[in-house]
Structures are given as structure tokens and as C-alpha cells.
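Below, each chain spelled out in residue letters.
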Amino acid sequence: MKSLAGFIAGIPKAELHLHIEGTLEPELMIAIGKRNGVSLPYPDAEAARKAYNFSDLQSFLDIYYRATAVLITEEDFYDLTIAYLRKAASQQVRHAEIFFDPQSHTARGIAFETVVRGIERALVEANDTLGVSTKLIMCVLRHLSEEEGIKMLEKAMLWKQWIAGIGLDSSERGNPPEKFIRLFERAHREGFLTVAHAGEEGSAASVKKALDTLHIVRIDHGVHCMEDERLVEELVRRQIPLTVCPLSNVRLRVFKSMKEHNLKTMLERGLCVTVNSDDPAYFGGYINENYIEAAIALDLDRDAIVRLAQNSFTASSLSTVHKELYRKEIDRYIQQESN
Ligand code: ADE
Ligand code: ZN
């Protein structure tokens, strides 16, 4: 029988919480920076990795936004996206719902169209050659104004064939969900899938507010929901998915260590939790490393892993038929593994 790590590596899964800019590995960052003549505060990839030592979300975001400055041409966005998709395919990711942060690029004078075209070219290639289906979710930066976010939404409305959803990310502290009620009302009316980061550093009240005011179908992170039993009851009853990112939570000190992560408690409580990698180039691992490190620290068994993988498809925005096909693929995998 395979080890638990081997079992995790082979199980079909979906990734639902992944910032494409967070997949910029130091080697690619240095290479793209060189070809575009953008200087970085690191002499090489090793020095960059050493500098990735974060004390909280904001200290990470400062470094993350600075690194995105190397991304300038359509080719850069293609290279970034295809590198992630190759890695995801190698980890048995069958479907990925990918965030991108256009405001971190348009603020530097890069055209929205350049970003979307580069990403889109990689998504088409992944579908054709890697067997990974994708959806693109445009995130609005919550530290900026709602008006600026609405300008992005209006751009996304012209790219509906490529942009399936609208999300909300960046600094949670001081930027509550209520700041974006009008924007999400409009996104919902326009037929976009809507999701939001909430309860990462923010409290259970922030999760509740996002749920009640933003029409969201999923919560990104949401780990602080456990502080409010009534909210947990609602999330369980409505099976609202929570896209949890274990390595991110430890690296950004939401939990002191993986052993203290509440993923297992959330799963046992009946919440529809999924495991994701958030910003894998910065947090020490892609989706399989997230499953493996959480499984080791929290003593998750095969049944828990299967539940997490099934949840990843259930929580996706795939059609009912596709969700069922992927869950059947998991059933066949379990059967083959038990023979
Ligand atoms: N942008 C990229 N990663 C993020 C995270 N973990 N939380 C909020 N915004 C982000
Ligand atoms: Zn995130």
C-alpha cells in the first residue's frame, strides 16, 4: 500500500484558492526581471527565498506586490501562468480556479488587456495539453477604494468570456466587507461568481458580514469562523465552502504551528473545507505539500484526505455533471489503491 504522501500525490483534486502572482518562483522572478530591466532587492533566487520571512499578512503583501513589478509583457503573464499549471497538473490538479490582481499591474501602467491575454493563452494551452480545466477570478484589492474596484469590474465586464468570477483580497484589517457592498451587488447582478477573503486575520464577524452582504458563494480562508458557534451552524447547514490554505496560515502566523491549525476540527464539525496553496512560491509548497504537511501535523487519515479532495470539486463552480465525473474519478482511484 502507498504511503499517505503517495496517496495524496495521486488523488485527483481541484485548487480553488490560488493567486497567480503568488506562484512567481524566485528563479522566474529574477529571470523576468533581468529580461525587462527591472531591478530587485535580491541578488539571486536564494537571497529572495531567505527574505521570505513574514510576521503577518501585511509584511507578506509588501514583498508580494514589489515582486509583481517584474511582470510587464503578455509573455511574462503567460510564462507565470503556464509554469503554475504545469506544476498543478503534475500534482493531479484537474481543475483550478485562479485569482489575479489586475490593480497591482494597472497601477504600474500595464494594460488590463496585456494581463488577461497572457494568462488566457496559458489557460487555453493547459486545457488542451495538460488536462487541467480552469476558471479565472479577478480579485479587487480591498486596501484601495470601492470606486477603483468598480473601474476594474467594468473592465472585467468586457472580458466575461474569460473572467468567471470576482473576488476580494489584500489587507483585511481596516478594510471590512461592507466597503465593497455596491461593487459585489453589481458583480452579482452581472452574473459573476463571487467570492471573498474573510476570516484570515479578521474575526468571525468579518466572515458573517461577507456572507450577509456580498452575495458570495465561497469564503476564502474563513478559519476564524470557528469563534462563533452560530455562524458555524449556518455554514454547515448551508454547506458554504471555505478554501483553507494551511501553509499560508502558518507562514503568516494565523496559527503558531501546523499542529495548532483548526483544519481537522473544521472538517470534523461538518464544514465544507478544502485545501489550497494561496501563494505557493512564498509559503513553501504547492497543493500536495499543503495536504501532506497538514496530514502529518494533524494526523489526518485517508478518509479525511478523500473528503477534502471530494470537497474541492463540490466547492468548485464546475457543472453538476463535471463535479460528479471528478468525484467518480476519486472513487476509482480509491478502489485502485485498495487493491
Ligand atoms: N493576496 C495574495 N495572498 C493573499 C492572502 N493570503 N490574503 C489576502 N490577500 C492576498
Ligand atoms: Zn488568498
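Before any of the text, the structure's been laid out above.
Scoring rules and cut-offs
Residues numbered from 1 in each chain as written. Chains lettered and ligands numbered in written order. Predicted model: local features only at pLDDT ≥ 70, side-chain atom pairs only at ≥ 80, totals over all residues. Heavy atoms only, no water. Helix = DSSP H or I, 4+ residues; strand = E, 2+ residues; numbered from the N terminus. Expected span 1.5 Å × (residues − 1). Contact = heavy atoms within 4.5 Å. Near = heavy atom within 4 Å. Polar contact = N/O pair within 3.5 Å; in protein donor to acceptor, adjacent residues only side chain to side chain. Areas by Shrake-Rupley, 256 points an atom, 1.4 Å probe, with all protein chains shown as cover. Buried < 20%, exposed > 50% of the residue type's maximum accessible area, 1.4 Å probe, protein only. Axes fitted to C-alpha atoms, helices over the stretch in contact; angles between N-to-C directions. Parallel < 35°, antiparallel > 145°, perpendicular 65-115°, else oblique. Left-handed = near helix turned anticlockwise from the far one by under 90°. Nonpolar A, V, L, I, M, F, W, Y, C, P; charged D, E, K, R; others polar.

Now for helix α7 (residues 112-130). The periodicity of an α-helix, 3.6 residues per turn, causes residues three or four places apart in sequence to face the same way. For α7, with 19 residues, the first-to-last C-alpha span of 26 Å sits near the 27 Å given by 1.5 Å per residue. Turning to α7, the residues buried within the fold contact α5 (74-90), β2 (93-100), α6 (103-106), β3 (133-141), α8 (146-156) and β4 (163-169). One or two positions beyond α7, positive phi appears at Gly 131, with a value near 70°.

Below, the discussion takes up the site of ligand 1. Close to ligand 1 lie His 19, Leu 57, Phe 60, Leu 61, Tyr 64, Asp 169, Ser 170, His 197, Glu 200, His 221, Asp 278 and Asp 279, which account for all nearby residues. A distance of 3.4 Å separates a nitrogen atom of ligand 1 from a polar side-chain atom of His 19. A distance of 2.8 Å is found between a nitrogen atom of ligand 1 and a side-chain nitrogen or oxygen belonging to Glu 200. Considering ligand 1 on its own, with 260 Å² of exposed area, one finds that the protein chains cover 100% of that surface. Sorting elements by how many residues they give to the shell around ligand 1 places helix α4 (residues 57-67) first, with four residues.

Among the residues making up helix α2 (residues 26-36), those that are buried are Pro 26, Met 29, Ile 30, Ile 32 and Gly 33. Contacts made by the buried residues of α2 are with α3 (45-51), α4, α5 and α14 (280-283). Once α2 ends, the next one or two residues include Gly 37, with phi positive near 65°.

At their nearest, the axes of α8 and helix α9 (residues 181-189) sit 9 Å apart, and the two run at 15° to each other. In this view, α8 runs roughly parallel relative to α9, as classed from their interaxial angle. Note that α8 runs across α9; the crossing there is right-handed. Residues Glu 146, Glu 147, Gly 149, Ile 150, Leu 153 and Glu 154 of α8 touch α9, and the partners they reach there are Ile 181, Arg 182, Leu 183, Arg 186 and Ala 187. A breakdown of the residues in the contact of α8 with α9 according to their chemical character gives five nonpolar, one polar and five charged.

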